[in-house]
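Examination of the molecular architecture
Residues per chain are reported as follows:
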Amino acid sequence: MASRDKLVLYTAHRCPWAHRVHIALNELGIPYEEELIDLDKPRTEAYLKINPRGLVPSLRFNDEIITESGIVSQFLADAYPSHLIPPSNTVEGALRRARVAFFVDAFFSKFQAHLQKFVFAKTDADAEAGLEAAVAGLVKEVEPLLADAKPFFGGAERLTLAEVLTGSFVVRIVSLLKAGVYPAALGKELASKAPNFNRWAQEVARHPSVTSIFDEDFIVKFTKTRIASNRSS
């Protein structure tokens, strides 16, 4: 793609889904404009004209609007070939993409979905059950896929599309463990039962492309408030 492409990212820095696109853009080094969307207010009429569904993030690419963070991130990786993912026009490239897609699906469906239950649970018992299911899914489905992470997915020395699509959630996990939002027992289990994941997560969580818009203090405070509200409702 040409350097004259005009990119405008409609985003919210606290949103982990929007954060994915920032990671992709940082790794690709693409110039772009940013417009912040306040998630605590109704979408403006101007934004709804751009995106009738009001989704965040959205990317204006020249005269096109692209929505959904995974789709936007994949588009950027395809439009600007780089170290993130090889082109799919070879068998090797297609297989690599399949591996990344399988890993990302396992991360979210077998681990992150259960981990989120800790935050949104109404009772301590439900929160504990969510953590147990998250660890079980991580150990069985995700940990083996990171056996060759040195330090990033598939033995890469730089971030790949796998980290673009998971890194915003990984940095939150690491930060919330450090701040004591997640129980210390979870951190011990990750270290003992999922050493591949634990090592990989630490590398991802300190990478500049991942931390660039991440406000750790805000996210910790925001998550604590959300947990307290959910448990008291």
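As named in an unreviewed UniProt entry, the protein chain is Thioredoxin-like protein, taken from Coniochaeta hoffmannii. On record in UniProt, under Sequence similarities (unreviewed entry), the comment for the protein chain is "Belongs to the GST superfamily."

**Quick look at the pattern of salt bridges**
Using the criterion set out here, one finds ten salt bridges in the structure. Two residues, Arg97 and Asp78, come together in a salt bridge whose shortest N-O distance is 2.6 Å. Remark: Asp78 occurs in helix H3 (residues 69-79) and Arg97 occurs in helix H4 (residues 91-120); sequence separation between them is 19 residues. On the accessibility criterion, Asp78 (38% relative accessible area) is partly exposed.

**A few points about the sheet that holds strand E4 (residues 64-67)**
Pairing in this open sheet of four strands is mixed, and the strands run E2-E1-E3-E4 from one edge to the other. Two strands bound the open sheet, and with one partner strand each, they are strand E2 (33-36) and E4. Sheet twist, expressed as the average angle between the axes of neighbouring strands with direction ignored, equals 20°. In the sheet, strand E3 (residues 58-61) pairs with E4 via four bridges, with the strands oriented antiparallel. Residue pairing for E4: Arg60 is matched across the bridge by Ile65. The strands that helix H1 (residues 16-28) touches are strand E1 (7-11) and E2; relative to E1, the one it contacts most, it runs at about 150°.

Cut-offs applied
Residues numbered from 1 in each chain as written. Predicted model: local features only at pLDDT ≥ 70, side-chain atom pairs only at ≥ 80, totals over all residues. Heavy atoms only, no water. UniProt positions renumbered as here; feature names shortened; annotations may be inferred. Salt bridge = Lys/Arg side-chain N within 4 Å of Asp/Glu carboxyl O. Helix = DSSP H or I, 4+ residues; strand = E, 2+ residues; numbered from the N terminus. Buried < 20%, exposed > 50% of the residue type's maximum accessible area, 1.4 Å probe, protein only. Pairing = 2+ DSSP bridges. Axes fitted to C-alpha atoms, helices over the stretch in contact; angles between N-to-C directions. Contact = heavy atoms within 4.5 Å.

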